[in-house]
Structure formats: C-alpha cells, structure tokens
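In case you want the letters, here they are:
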Amino acid sequence: MDPDTSRNIALILGVLTLAVMVYFITQRAMDNRTEMLESNAPKVAGEDELAGGARNPQQFDEPDEDALNEMADLLGDDDESTMES
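Being a predicted model, the structure only gives us computed values, none of them experimental.

Engineer: Which parts of the structure should I look at to understand the overall build of the protein?
Structural biologist: What the protein contains, in helices and strands, is two helices and zero strands. Here the protein holds 85 residues, and 0% of them are scored as buried. Approximately 8300 Å² of the protein is accessible, and the part contributed by carbon and sulfur atoms is 59%.

Engineer: Please clarify how the packing of aromatic side chains should be interpreted in this entry.
Structural biologist: To describe a pair of aromatic rings, you give the distance between the ring centres and the angle between the ring planes. Across all of its chains, the model carries one aromatic pair by this definition. An angle of 65° between the planes, with centres 5.6 Å apart, marks the rings of Y23 and F24 as edge-to-face. Overall, the relative accessible area of 55% leaves F24 in the exposed class.

Engineer: Sorry if this is basic, but what is going on with the pattern of salt bridges here?
Structural biologist: Pairing of side chains with opposite charge becomes possible as their charged atoms draw close. Applying the stated criterion across every chain yields a total of one salt bridge. As a salt-bridge pair, D4 and R7 come within 3.5 Å of each other at their nearest N and O atoms. Here R7 and D4 lie together in helix α1 (residues 3-39), a separation of three residues that amounts to about one turn.

Engineer: Hey, could you run me through a nonpolar patch on the surface in this one?
Structural biologist: A contiguous nonpolar surface patch, about 560 Å² in accessible area, is contributed by M1, I9, I12, L13 and L16. Positionally, I12 belongs in helix α1. Exposure remark for I12: the relative accessible area of 51% places this residue in the exposed category.

Here is what the cut-offs are and how they apply
- Residues numbered from 1 in each chain as written.
- Predicted model: local features only at pLDDT ≥ 70, side-chain atom pairs only at ≥ 80, totals over all residues.
- Heavy atoms only, no water.
- Helix = DSSP H or I, 4+ residues; strand = E, 2+ residues; numbered from the N terminus.
- Buried < 20%, exposed > 50% of the residue type's maximum accessible area, 1.4 Å probe, protein only.
- Areas by Shrake-Rupley, 256 points an atom, 1.4 Å probe, with all protein chains shown as cover.
- Phe/Tyr/Trp six-rings, centres within 6.5 Å; stacked < 30°, edge-to-face > 60°.
- Salt bridge = Lys/Arg side-chain N within 4 Å of Asp/Glu carboxyl O.
- Patch = residues over 30% accessible without salt bridge, like charges linked within 9 Å, V, L, I, M, F, W, Y side chains within 5 Å.

If you want it as structure tokens, here you go:
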C-alpha cells in the first residue's frame, strides 16, 4: 500500500473521530444546559412542593406552661407600653 494512501486513510479516520467527538460533546453540553435551566427556573406558587414538616405536630396543639408564661410576659409588656403613651 502506498504511504500517501495510508496517510489519507488515517487522516480521514482522524477527522471522522473528531467530528463524532465534537457531536457527542455538544449534545451533552446542550442537555446539561437544558437541565440546568429547568432546575434553576423561577418557581410558580403552588408548583413547587416543599418536603418535610414537623416530626410531632401534636406537640403544638396544647402549649405547655413555659410557653404560656412567655406569652403572658409578652402580652403584659405590650399592654404596659400602650398604657404609657
């Protein structure tokens, strides 16, 4: 086989390999960009689900003594400030 022919075949294979690699890289970049834009898009009220919640929501049904005393202090301080003015 002629050396020029071997070089031309190797060049053609190299160019084809480069073209396929560029194609796959651009496709992956476009997919990543689309995914990033979708994940960082502004949320519309009601469409975003917030996970989680209280572990024991029943604990908030009835306040304990400390909470009642703290609320009384806060309400008492508020009443005193409105009386002074």
